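Descriptive analysis of the structure
Single-letter residue listing:
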Amino acid sequence: MRAQGAGDPARGRAIVEATPESLPRHLGNALRCTSCHLDGGARASAGSWHGIAATYPRYRARRGAVETLPQRVNECLTRSLAGRALADTARAMRDVVAWLDSLGRLPRLPKPDTVRVAGDTLRGARTYVVACARCHGATGREGGVAPPLWGARSFSVGAGMARQTVLATFVRHNMPYDGAAMLEAQDAADVAAWLLRRPRPDHPGKARDWPRGDAPDDVAYATDAARAAGRPLPPPRPLLRRALLP
């Protein structure tokens, strides 16, 4: 019997797997939690949720403070899903946290090697046509059988996937999804570099990220702390108006 106020892990699993249908008022694009956390969060190379709940609360540099698990869920909802945050006490939040808690007892899975090579956008455009378009669509904005990779229906510039190393690593170890051809690290870096220069939703307040001035070099936008420290700033990216504010 669950304690009063406790979430339902089965319902939480349904929410992360069918996010648009479960949270239509809080979703700002066409993605779902498992668009990035593949195999229901069980794939080691794609943001596995195994054991993750046990690591919270914890300090996160992007916030510059200790972050709770509900706050981390809302980070994904507002950034990767370009949506609107849930209240910590909302039933849906309690259910998602209960699902993550149920996975928190499992052993953590090893992370894949990070792809750190520089990408070439011209090569990336060609690789997209050959390796990605059959699933994500010729334009990549609306998606095909797979999620859209840019445009108003894709992840925001504030998402982790908007960083070169994060997206390149994800592509290298997980794409193409059908396994028809595994990309080399350079190919993955090229595709990531090209994709990340396509338009995508803005993330209001992004300049306040990494308030201690320790933003990674591949962050896609300038932060206030980086400006104050006189650090080199990234070139502007094409940004779109969001459907929902965080």
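In case you missed it, the structure is sitting above this.
This report concerns the structure included in the present document.

Moving on to the overall build of the protein. Summing up its helical and strand segments, the protein has nine helices and four strands in all. Start at the N end of the protein and walk to the C end: the helices and strands fall as α-α-α-β-β-α-α-α-α-α-β-α-β. For the protein, the spread of C-alpha atoms along the principal axes amounts to about 55 × 45 × 35 Å. Looking at the 246 residues of the protein, the share that counts as buried comes to 48%. A fraction of 65% describes how many contacts in the protein between residues 6 or more apart in sequence connect residues 24 or more apart. Of note, the protein has its 37 positive side-chain charges centred 4 Å away from the centre of its 22 negative side-chain charges.

Under the definition given, this model contains three aromatic pairs. Considering the side-chain rings of tyrosine 128 and tryptophan 194, the 5.3 Å spacing of their centres and the 45° angle between planes classify their relative orientation as tilted. Of the two residues, tyrosine 128 sits in helix H6 (residues 121-136) while tryptophan 194 sits in helix H8 (residues 185-195), which places them 66 residues apart along the sequence. In this structure tyrosine 128 comes out as buried when scored by relative accessible area, which is 1%. Note on tryptophan 150 and tryptophan 194: the rings are 5.2 Å apart at their centroids and 85° apart in plane angle, and the pair reads as edge-to-face. Taken together, the residues span a long stretch of sequence, with tryptophan 150 in the loop between H6 and helix H7 (164-174) and tryptophan 194 in helix H8 at a distance of 44 residues. In terms of burial, tryptophan 150 and tryptophan 194 fall into one category: buried. One aromatic cluster is present, formed by Tyr128, Trp150 and Trp194 through successive ring pairs.

What follows is about helix H1 (residues 9-17). Along H1, the residues that are buried comprise Gly12, Ile15 and Val16. Axial view of H1: buried residues confined to an arc of 90°, hence all on one face. Along its buried surface, H1 packs onto helix H2 (19-22) and helix H5 (91-103).

Look at H1 against H5: their axes get within 7 Å of each other, and the N-to-C directions meet at 100°. Relative to H5, the element H1 is oriented roughly perpendicular. Across the interface between the two elements, Pro9, Arg11, Gly12, Arg13, Ile15 and Val16 from H1 touch Arg91, Ala92, Asp95, Val96, Ala98, Trp99 and Ser102 from H5. Split by residue class, the contact of H1 with H5 holds seven nonpolar, two polar and four charged.

With that settled, consider unusual backbone geometry. Omega for the bond connecting tyrosine 56 with proline 57 falls within 30 degrees of zero, at 0°, which places this linkage in the cis form. Structurally, proline 57 is set in the loop between helix H3 (38-41) and strand E1 (58-60). Going from methionine 175 to proline 176, the amide bond is cis rather than trans, its omega being -5°. Counting through the fold element by element, proline 176 comes out in the loop between H7 and H8. Here aspartate 39, not a glycine, exhibits a phi torsion of approximately 55°, which is positive.

Membership of the largest hydrophobic core comes to 50 residues, with the highest contact counts inside it found for Trp49, Leu86, Leu100, Tyr128, Phe155, Leu167 and Leu195. Of all the elements, H5 adds the most residues to this core, at seven residues. Discounting residues that sit within four places of it in the chain, phenylalanine 155 has contacts with Asn29, Leu31, Arg79, Ser80, Leu149, Met161, Ala162, Leu196, Arg200 and Pro201. Among the nonpolar cores identified, the runner-up in size contains six residues, and Val157, Trp210, Ala215 and Val219 belong to it.

This part takes up the environment of leucine 100. Among the secondary structure elements, leucine 100 is positioned in helix H5. Residue classification places leucine 100 among the buried positions, given a relative accessible area of 5%. Distance from leucine 100 to aspartate 113, taken between C-alpha atoms, is 24 Å for residues 13 residues apart in sequence. For leucine 100, the contacting residues outside a window of four places in its chain are Trp49, Ala53, Leu69 and Val73.

About the criteria used
Residues numbered from 1 in each chain as written. Predicted model: local features only at pLDDT ≥ 70, side-chain atom pairs only at ≥ 80, totals over all residues. Heavy atoms only, no water. Helix = DSSP H or I, 4+ residues; strand = E, 2+ residues; numbered from the N terminus. Buried < 20%, exposed > 50% of the residue type's maximum accessible area, 1.4 Å probe, protein only. Contact = heavy atoms within 4.5 Å. Lys, Arg positive; Asp, Glu negative; His and termini not counted. Charge placed at Lys NZ, Arg CZ, Asp CG, Glu CD. Phe/Tyr/Trp six-rings, centres within 6.5 Å; stacked < 30°, edge-to-face > 60°. Arc of directions from axis to C-beta. Axes fitted to C-alpha atoms, helices over the stretch in contact; angles between N-to-C directions. Parallel < 35°, antiparallel > 145°, perpendicular 65-115°, else oblique. Nonpolar A, V, L, I, M, F, W, Y, C, P; charged D, E, K, R; others polar. Core = buried A, V, L, I, M, F, W, Y, C linked by side-chain atoms within 4.5 Å.

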